[in-house]
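# A look at the structure
Each chain is listed here by its residues.
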Amino acid sequence: MNSLAIPQALIECHELTCAYDGAVAVDDVSMAVRRGDFVGVVGPSGSGKTTLLKAILGSVQPASGHVHRLQNLKMAYVPQVESVDWNFPVTVLETVVMTRTRNGWWSRMAKEERDQAERVLHRLGLVDVSARHIRELSGGQQQRVFIARALFHRPELLVLDEPTSGVDVRTRHEVLHLLADLHDEGLSIVLTTHDLNGLAAHLPRVVCINRRIVADGSPRDVLTPVVLEQTYGAAMEVLIHGGMPVVLESGADHVARRLSKLTTS
């Protein structure tokens, strides 16, 4: 086998346009998600990030263009935590197995289903809280529960919408390290994020979108002042610190000077 062969495409978007009541949300987007990818999609609010994910998943139909999915591709979705009803009366274990369809999730779990759920919970450090109500968990645990729920069916592609939205710095790092570990184990991942420094700068591939794709590549190639201004419509400064891009909003000159001294010391 040729070691330079391009990895298999799981998702291919061709000239994809999506609209709601005539208002274009995603315009003429062409991109691929390949086996082994770890992709972060960034852009301002209303830029079409969530719509792009929904089109990939098939829950939003294109106004024009199309999305090609690998035949029999197994995908799993992790929604924004803000969209979850944390008062719904279910335990961690029940939340994980809710997506099964055989006789409904409320029916008695078969031994193999329980074993599979417990393996996933153990992998994510949640087996000790499997009988607890989801509202009793920390923010990091809650996010991991929904990642466990997505992993229950052994997907080939994991799709996450703003997985670090509304969480503290510690939880953000926990989620980032967990996703990196899952990717190292062979899982392909695509996610949206608003967190340019805490998450996007650590991913191998970043796609900047503002209805159209502005740039697609490595963080050092994509997180640049020119690309970010085209994406967000505002000037931003970018410094390289510890080999990683650090994005600063325009006007933070004193911070830029301090970081510049760090990078040259």
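Everything below is about the structure shown above.
Not measured: the values here are computed from a predicted model.

## Quick notes on the nonpolar core
Within the largest apolar cluster, 38 residues are counted, with the highest numbers of intra-cluster contacts made by Ile147, Leu158, Leu160, Leu179, Ile189 and Leu191. The set of elements that each furnish at least two residues to this core consists of β5 (75–78), α2 (92–97), α3 (111–123), α4 (139–151), β6 (157–161), α5 (169–184) and β7 (188–193). Looking at which element gives the most residues to this core, the answer is α4, with six residues. If sequence neighbours within four positions are ignored, Leu191 has contacts with Phe38, Val39, Gly40, Val41, Leu160, Pro163, Leu179, Leu199 and Leu203. Counting 23 residues, the second largest nonpolar core, distinct from the first, contains Ile11, Cys13, Val39 and Leu157.

## Some words on the sheet that holds β7
Pairing is mixed across the open sheet formed by six strands, whose spatial order is β5-β6-β7-β3-β8-β9. With one partner strand each, in any of the chains shown, β5 and β9 (212–217) form the two edges of the open sheet. Going from strand to strand, the sheet's axes swing by 15 degrees on average, the running direction of each strand aside.

## Some thoughts on the environment of Arg170
Within the secondary structure layout, Arg170 lies in helix α5. For the pair formed by Arg170 and Gly139, sequence separation is 31 residues and the distance between their alpha carbons is 9.9 Å.

## Digging into the sheet that holds strand β4 (residues 64–69)
Strand order in the open sheet formed by three strands is β2-β1-β4, with antiparallel pairing between adjacent strands. Only two strands of the sheet have a single neighbouring strand rather than two, namely β2 (23–34) and β4. Each neighbouring strand pair of the sheet contributes to a mean axis angle of 15 degrees, computed without reference to strand direction. Relative to β2, strand β1 (residues 9–20) runs antiparallel, the two sharing eight bridges. Bridging from a neighbouring strand, Ala19 pairs with Val24 of β2. Set on the sheet, helix α1 (residues 49–57) makes contact with β1, β2 and β4; between it and β1 the angle comes to about 125 degrees.

## What about the pattern of salt bridges?
Tallied over the entire structure, the rule returns ten salt bridges. Its salt-bridge partner being Arg170, residue Glu174 comes within 3.5 Å of it at the nearest N-O pair. With a gap of four residues between them, Glu174 and Arg170 both fall in helix α5, about one helical turn apart. Note on Glu174: relative accessible area 29%, which makes it partly exposed. Taken together, the shared-partner salt bridges connect Asp27, Asp28 and Arg212 into one network.

## Quick look at the pairing of β1
Taken together, β1 and the strand that follows it, β2, pair antiparallel across an intervening segment of two residues, in which Asp21 is found at a positive phi of about 50 degrees. In this structure, β1 lies alongside β4, joined through five bridges in antiparallel fashion. Within β4, the residue paired with Ile11 across the bridge is Arg69.

## A word on α3
Compared with an ideal rise of 1.5 Å per residue, which puts 13 residues at 18 Å, α3 spans 18 Å between its outermost C-alpha atoms and is within 8% of the ideal. By the burial criterion, the buried members of α3 are Glu113, Gln116, Ala117, Val120 and Leu121. Relative to the axis of α3, the buried residues are bounded by an arc of 135 degrees and lie together on one face. Those residues of α3 that are exposed and aimed more than 90 degrees away from the buried face are Lys111, Glu112 and His122. As for α3, its buried residues are in contact with α2 and α4. Following α3 by one or two positions, Gly125 has its phi on the positive side, about 70 degrees.

## What about unusual backbone geometry?
Its identity is not glycine, yet Asp21 carries a phi of approximately 50 degrees, on the positive side. Tracing the backbone through its elements, the reader meets Asp21 in the loop between β1 and β2. Of note, the phi angle at Asn72 is positive, near 65 degrees, even though the residue is not glycine.

Quick notes on the rules
Residues numbered from 1 in each chain as written. Predicted model: local features only at pLDDT ≥ 70, side-chain atom pairs only at ≥ 80, totals over all residues. Heavy atoms only, no water. Core = buried A, V, L, I, M, F, W, Y, C linked by side-chain atoms within 4.5 Å. Buried < 20%, exposed > 50% of the residue type's maximum accessible area, 1.4 Å probe, protein only. Helix = DSSP H or I, 4+ residues; strand = E, 2+ residues; numbered from the N terminus. Contact = heavy atoms within 4.5 Å. Pairing = 2+ DSSP bridges. Axes fitted to C-alpha atoms, helices over the stretch in contact; angles between N-to-C directions. Salt bridge = Lys/Arg side-chain N within 4 Å of Asp/Glu carboxyl O. Expected span 1.5 Å × (residues − 1). Arc of directions from axis to C-beta.

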